[in-house]
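# Secondary and tertiary structure notes
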Amino acid sequence: MATPLSLKELSKKEILFTPGHRMCAGCGAPIIVKMVLLAADYPVIASNATGCLEVSTCISDYTAWKIPWIHSAFENAAATISGVETMYRSLKKQGKINDEIKFISFGGDGGTYDIGFQSLSGAMERGHDMLYICYDNGAYMNTGIQRSSATPFGADTTTCPAGDVIPGKMQQRKDLTKIMAAHNIPYAAQASPSHWGDLMKKVRKALEIKGPKFMNVIAPCNRGWRSKTDDAITLSRLAVETCCWPLYEIENGNTKITFKPREKKPLVDFLKPQGRFKHLFTPENEWLLKEAQEQVDKNWERLLAEEACFAPKETKEKASKEQ
Amino acid sequence: MARIVAVTGNEAVAEALKQINPDVCAAYPITPQTDMMQRFAGFVSDGKVKTEIILVESEHSSMSACIGASAAGGRVITATSSQGLALMWEMLFIASGLRLPIIMPVVNRALSAPLNIHGDHSDAMGARDAGWIQLWSENTQEAYDNTIQAFRIGEHMDIRLPVIICLDGFIISHSIERIEYIEDSDVRNFVGDFKAVNPLLDIRHPVSYGPLILPDYYMEFMRAHAEPMAKVPKVVLDVAKDFEKISGRKYGLFEAYRLDDAEIGLVILNSAAGTSKDVIDEFRNKGIKAGLLKPRLYRPFPYAEVGEALKHLKAVCVLDRADAFGGSFGPVFIDIAASLYPYKERPFLINKIYGLGGRDYLPEHAALVLDELAEIVKTGKVKTFKEYIGVRE
Ligand SMILES: Cc1ncc(C[n+]2csc(CCOP(=O)(O)OP(=O)(O)O)c2C)c(N)n1
Ligand code: SF4
Ligand SMILES: [Mg+2]
């Protein structure tokens, strides 16, 4: 029986990702991993791409993972777990194994959006029964905050520093969640540790679905974002409430927004507490803030439209009656 | 009872893989290997093997998936050539560093640029220090036999390392030869059941693979890797002894052909050794004491044994089907030089680069080299230590 997703019940479960790992205090990534493993009511085997999460959680002879775990390289967490999952199917078919096991990959944004993109796309297309979870902190943090294709527009990183001529990153983020959904996989979703119930529900749902699943989870990094150490949850909540990180899922092609803020906050609420956006708050860079807000608005509008377009028939009819 | 068949190298290796019936296979096309994995995929589709096949989107993912599958706890294969092996390079070290006995035939082919699909050894030479065992094969029979023995060697409890089996692209992979297949049941009994060590799928005993190890322990870890490597030659010989019982064919660390009383000799890998042996016979008929050494276990290289086998010769030419571009000699030459270095009295040593990108190696090439060696013995003088042969200047 599934553990009810209540704090009371969850607090009785064993934490399979132990404290004492060496991620920075206040890092978003380990919070996410803990939630994911708590949500799972099955034995899980995980692969991990090289990155902050990997280097800080398994330093010989210590490991923070109480589940079977494998790190092989940076760009191949998906391919690696696809091998584990295939061996599982082979041995199960041969009657050599009976357990019901779930397979999860963890990768940072660099390891997922960029260098691991091909491996991820391939594994999803092949249809392995696996859940890939990207913890997106918006840069290559482990190597010292370099720009990735997930870095938000305008952000200051060590390879796109806000300088006298170029004011930070000049490109929009790659919309990876949509790209993964375009693989026609049964489930793709976006989540945030601020909305833990939503996140855990999504993990649970994903693990019940057979086939390839993808989740993208915003993972505040106080080093790279230059924010306060105790701001991870606040900032991830602001990302959701400003709609720059909307919470939604695409299940069998149908888009559903799982959290709609009653009042959409202005993007600056999310940007202001972060040092990486500090340079945007000068008069000469005002246009950047405006453009960033416009991008968020446009993407949010499009997401709403997608939801309306793919909504099941009854809800659509209901919506038109209400109008 | 052996079955006598007329098959290509790719076909024979695919047959060996079918007889072994691995748990997982990852495959990606590249000439001249493609046909081998295609055949194997056919066995999967026809239910002739229990194997689950992963048709990956690149060789990088192929080796990554093999690593995941092997760590999960089962028998794993893939195959590649040239650019595919080059793309795997990063993962080769990880497969061996994690001590995963993955078995991989490599159908040797030249490396780009310029693009060339034909046989030479530059691909496998680029992987020679990746911590994998390498077995090289002169012909289709040897490729088949080496493939079967590779599982016993790599999976041996003292070893647990991945193995590459080399065979020459097109010359062997696509040419039909008469060979003997061993009975399925004999192959199966010879190879035995796979024994998993720390499998990921054992959820009751969770293990972490691929930790970060910093300067405090990295070096001990590397030394620990060198130890099983040192044990490989003995295991190769033990496995060969058992293999002889089911096949009647003898294998060693290398083949020494008419070497015992030889004064001049060639060292050469793979298919060109066959051509060379014919020419050596001709020289012997003329009363010239010529011989040949053909390495089989190329990694780890049996330096002491090879040195011992060559030390009494007066002049030796190492023929390399790859250049090392280090401003120095071909890769095999460097190993032979190292194996002869401990001896005060040692042969003159010269190096020829031949057959790159599928350029034919002809009997007259071998004859010219042997003539040159005879001349060196006579005059005590070496004209050129290294040169390309069969090339337009
Ligand atoms: C092939 C390869 N290229 C580069 C690196 C160096 N590298 C290691 S971790 C890392 C950054 C990881 O970034 P991300 O995936 O976003 O994870 P994060 O560290 O931010 O959690 C880089 C560039 C590597 N290990 N392997
Ligand atoms: S650098 Fe950022 S992502 Fe990495 S451990 Fe520290 S807070 Fe977490
Ligand atoms: Mg990152």
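Just so we're clear, the structure is a prediction, and the values are computed from it rather than from any experiment.

### Re the overall build of chain A
In terms of helices and strands, chain A carries 13 helices and eight strands. The C-alpha radius of gyration of chain A comes to 20 Å, within 12% of the 20 Å expected for a compact globule of 323 residues. Referenced to the eigenvectors of the C-alpha coordinate spread, the extents of chain A come out at roughly 70 × 60 × 40 Å. In chain A, which comprises 323 residues, the share counted as buried stands at 58%. Relative to all contacts within chain A whose residues are 6 or more apart in sequence, the contacts with residues 24 or more apart total 69%. Both charge centroids of chain A, one from 42 positive and one from 37 negative side chains, sit 3 Å from each other.

### A word on the coordination of the magnesium ion (ligand 3)
Residue and element names in this part refer to chain A. Coordination of the magnesium ion (ligand 3) by the protein is provided by Asp-109 (OD), Asn-137 (OD1) and Ala-139 (O), with metal-donor distances spanning 2.0 to 2.1 Å. Every donor residue of the magnesium ion (ligand 3) comes from the same chain, spaced as D-x27-N-x1-A. Across the pair, exposure class does not vary: Asn-137 and Ala-139 are buried alike.

### Description of the side chain of Glu-85 of chain A
All names here are of chain A. The topology assignment puts Glu-85 in helix H4 (residues 77-93). In terms of polar contacts, Glu-85 uses its side chain to reach the side chain of His-128, at 2.8 Å. Ignoring sequence-local partners within four residues, the contact set of Glu-85 consists of Phe-103, His-128 and Asp-129.

### Here we look at the sheet that holds strand S14 (residues 315-320) of chain B
All names here are of chain B. Pairing within the open sheet is mixed, and its six strands lie in the order S10-S12-S11-S14-S15-S16. In this open sheet, the two edge strands, each paired with only one partner strand, are strand S10 (254-257) and strand S16 (386-388). Strand-to-strand, the axes of this sheet are offset by a mean angle of 20°, without reference to chain direction. Where S10 lies against strand S12 (residues 290-295), four bridges are found, and the strand directions are antiparallel. Pairing of Tyr-257 across the sheet is with Leu-292, part of S12.

### Re the domain arrangement of chain B
Residues and elements named next belong to chain B. Examined at the domain level, chain B breaks down into domain 1 (3-247) and domain 2 (254-388). Computed over C-alpha atoms, the centres of domain 1 and domain 2 are 28 Å apart. In this complex, domain 1 contributes 30 residues to the contact, which on the side of domain 2 involves 24 residues. For the domain 1 and domain 2 pair, buried surface summed over both sides reaches about 2,100 Å², with 55% attributable to carbon and sulfur atoms. When residues of domain 1 are sorted by the area they lose upon contact with domain 2, Arg-128, Trp-136 and Glu-138 head the list and together hold 29% of the total. Where domain 1 meets domain 2, there are four salt bridges. The partner of Glu-142 in a salt bridge is Lys-294, with the nearest N and O atoms 2.7 Å apart. Here domain 1 and domain 2 share 18 residue pairs in polar contact (both at pLDDT 80 or more) between them. Mapped by element, the contributors of at least two residues to the side of domain 1 that touches domain 2 are helix H5 (122-125), strand S6 (133-136), helix H6 (140-155), strand S7 (163-168) and helix H8 (218-247).

### Observations concerning the sheet that holds strand S2 (residues 69-71) of chain A
Reading across from one edge, S8(A)-S7(A)-S5(A)-S6(A)-S4(A)-S3(A)-S1(A)-S2(A)-S9(B) is the order of the nine strands in this open sheet, with mixed pairing throughout. At either end of the open sheet lies a strand with only one pairing partner, and these are strand S8 (254-259) of chain A together with strand S9 (208-209) of chain B. Here strand S4 (residues 130-136) of chain A runs beside strand S6 (residues 212-218) of chain A; their pairing, made up of seven bridges, is parallel. Bridge pairing in S6 of chain A places Met-130 of chain A opposite Pro-212 of chain A. Strand contacts of helix H12 (residues 286-310) of chain A: strand S7 (247-251) and S8 of chain A, with the helix running at about 120° to S8 of chain A, the strand carrying the most contacts.

### With respect to the site of ligand 1
In the vicinity of ligand 1 lie 18 residues, with Gly-110, Gly-111, Tyr-135, Met-141 and Asn-142 of chain A positioned nearest. Looking at what sits near ligand 1, you find residues from chains A and B. Note that an oxygen atom of ligand 1 is positioned 2.7 Å from one of the side-chain N or O atoms of Tyr-135 of chain A. Taking 590 Å² as the accessible area of ligand 1 by itself, protein coverage stands at 77%. Broken down by class, the residue content of the shell around ligand 1 amounts to seven nonpolar, eight polar and three charged.

### Some thoughts on the interface of chain A and chain B
Each partner contributes to the interface: chain A provides 42 residues, whereas chain B provides 39 residues. Between chain A and chain B lies a buried interface of about 3,100 Å² when both sides are counted; carbon and sulfur atoms form 63% of it. Considering only the side of chain A, the residues that lose the most area to chain B are Pro-68, Met-87 and Arg-126 of chain A, jointly responsible for 17% of the buried surface there. Glu-52 of chain B is the salt-bridge partner of Arg-89 of chain A, the closest N and O atoms lying 2.9 Å from each other. The interface formed by chain A and chain B includes 17 residue pairs in polar contact (both at pLDDT 80 or more). If you list the elements that add at least two residues to the side of chain A that touches chain B, you get helix H3 (52-57), S2, H4 and helix H6 (117-126) of chain A. At 12 residues, the largest contribution of residues to the side of chain A that touches chain B is made by H4 of chain A. A breakdown of the residues in the side of chain A that touches chain B according to their chemical character gives 19 nonpolar, 15 polar and eight charged. Pairing of S2 of chain A with S9 of chain B, which is carried by two bridges, proceeds in the parallel orientation.

### Considerations on the side chain of Thr-151 of chain A
All names here are of chain A. Structurally, the position occupied by Thr-151 is in the loop between S4 and helix H7 (176-181). You can call Thr-151 buried: its relative accessible area is 0%. Polar side-chain contacts of Thr-151 include one of 2.8 Å to the backbone nitrogen of Ser-148. Residues within four places of Thr-151 in sequence aside, it is in contact with Gly-138, Ala-139, Gln-146, Thr-157, Lys-169, Gln-171 and Arg-173.

### Describing a nonpolar patch on the surface
On the surface, a cluster of nonpolar side chains totalling about 370 Å² of accessible area is made up of Phe-325, Leu-356, Tyr-388 and Val-391 of chain B. Here Phe-325 of chain B shows up in the loop between S14 and helix H11 (331-340).

### Side note on the state of the cysteines
Here, disulfide denotes a covalent bond that connects the sulfur atoms of two cysteines. All names here are of chain B. Per the stated rule, a full pass over the model turns up zero disulfides over all chains. Of all cysteine sulfurs in the structure, the one in Cys-66 sits closest to Cys-25, which takes part in no disulfide; the separation is 7.3 Å. Overall, Cys-25 belongs to the buried group, its relative accessible area being 0%.

### Concerning the nonpolar core
With 163 residues, the main nonpolar core has Met-63, Ile-67, Ile-148, Leu-201 and Ile-336 of chain B as its most contacted residues. Looking at which domains feed residues into this core, each of domain 1 (3-247) and domain 2 (254-388) of chain B supplies at least three. Those residues in contact with Ile-148 of chain B that lie beyond four places of it in its chain are Ala-16, Gln-19, Ile-20, Ile-182, Val-187, Phe-190, Val-191 and Phe-243 of chain B. In this structure, Phe-17, Leu-37, Leu-131 and Leu-199 of chain A belong to the second largest nonpolar core, which totals 38 residues.

### Describing the site of ligand 2
Lining the immediate surroundings of ligand 2 are Met-23, Cys-24, Cys-27, Cys-52, Asn-137, Cys-221, Asn-222 and Arg-223 of chain A. Split by residue class, the shell around ligand 2 holds five nonpolar, two polar and one charged.

### Re the packing of aromatic side chains
On inspection of all chains with the given rule, the structure shows 17 aromatic pairs over all chains. Ring centres of Trp-225 of chain A and Phe-270 of chain A lie 5.9 Å apart, and the angle between their planes is 85°; on these two criteria the pair is classed as edge-to-face. With Trp-225 of chain A in helix H9 (residues 222-225) and Phe-270 of chain A in helix H11 (residues 268-271), this residue pair connects regions lying 45 residues apart in the sequence. With relative accessibility at 1%, the residue Trp-225 of chain A sits in the buried group. Of the residues examined, Phe-270 of chain A reaches a relative accessible area of 4% and is grouped as buried. Between Tyr-144 of chain B and Tyr-181 of chain B, the ring centres sit 5.1 Å apart and the planes meet at 35°, which makes this aromatic pair tilted. With Tyr-144 of chain B in helix H6 and Tyr-181 of chain B in strand S8 (residues 177-181), this residue pair connects regions lying 37 residues apart in the sequence.

Rules and cut-offs
- Note that residues are indexed from 1 along each chain, following the sequence as it is written.
- Chains carry letters from A onward and ligands carry numbers from 1 onward, assigned in written order.
- In keeping with the predicted nature of the model, local features appear solely for residues at pLDDT of at least 70, side-chain atom pairs appear and are counted solely at 80 or more, and the whole-chain, interface and lining totals rest on all residues.
- No hydrogens and no water enter the side-chain calculation; it runs on all heavy atoms of the structure.
- Under the scheme used here, helices are H or I runs from DSSP no shorter than 4 residues and strands are E runs no shorter than 2 residues, and both carry numbers assigned from the N terminus.
- With C-alpha atoms as the basis for the radius of gyration, the globule rule is written as 2.2 Å multiplied by the number of residues raised to the power 0.38.
- We call a residue buried when its accessible area falls under 20% of the maximum for its residue type, exposed when it is over 50%, and partly exposed in between, using a 1.4 Å probe and counting protein chains only.
- Note on definitions: a residue-residue contact is assigned when non-hydrogen atoms from the two residues lie within 4.5 Å.
- Two residue types count as positive, namely Lys and Arg, and two as negative, namely Asp and Glu; His and chain ends fall outside the count.
- Charge positions are represented by NZ for Lys, CZ for Arg, CG for Asp and CD for Glu.
- Only N, O and S atoms count as donors, using a 2.8 Å cut-off from the metal and 3.2 Å for Na, K and Ca, and because water is excluded some sites may appear unfinished.
- Between N or O atoms, a polar contact is any pair within 3.5 Å; within protein, one atom must be a potential hydrogen donor and the other a potential acceptor, and residues adjacent in sequence are included only when both atoms are from side chains.
- In this analysis, strands are considered paired if DSSP registers two or more bridges between them.
- All axes here are fitted lines through C-alpha atoms, helices being fitted over the stretch that makes contact, and every angle between N-to-C directions spans 0 to 180 degrees.
- Domain segmentation is taken from an automatic or database assignment of domains.
- Take the accessible area each of two parts loses on contact, using a 1.4 Å probe, and add the two losses: that sum is the buried area.
- Just to be clear on terms, a salt bridge is a Lys or Arg side-chain nitrogen sitting within 4 Å of an Asp or Glu carboxyl oxygen.
- Summary of the distance rule: residues count as near a molecule or strand when at least one heavy atom falls within 4 Å of that molecule or strand.
- Calculation of accessible area relied on Shrake-Rupley with a 1.4 Å probe; when residues are assessed, cover is drawn exclusively from the protein chains displayed.
- Amino acids are sorted into nonpolar (Ala, Val, Leu, Ile, Met, Phe, Trp, Tyr, Cys and Pro), charged (Asp, Glu, Lys and Arg) and polar (every other residue, Gly among them).
- Patches here are clusters of residues that have more than 30% relative accessible area and form no salt bridge, with a 9 Å joining cutoff for like charges and a 5 Å cutoff for nonpolar side chains (Val, Leu, Ile, Met, Phe, Trp, Tyr).
- Only a pair of cysteine sulfur atoms within 2.5 Å qualifies as a disulfide here.
- As used in this record, nonpolar core signifies buried Ala, Val, Leu, Ile, Met, Phe, Trp, Tyr and Cys residues forming a set joined through side-chain atoms within 4.5 Å.
- What counts as a ring pair is set by centres within 6.5 Å for rings of Phe, Tyr and Trp (its six-membered ring), and what kind of pair is set by the plane angle: stacked under 30 degrees, edge-to-face over 60, tilted for all other angles.

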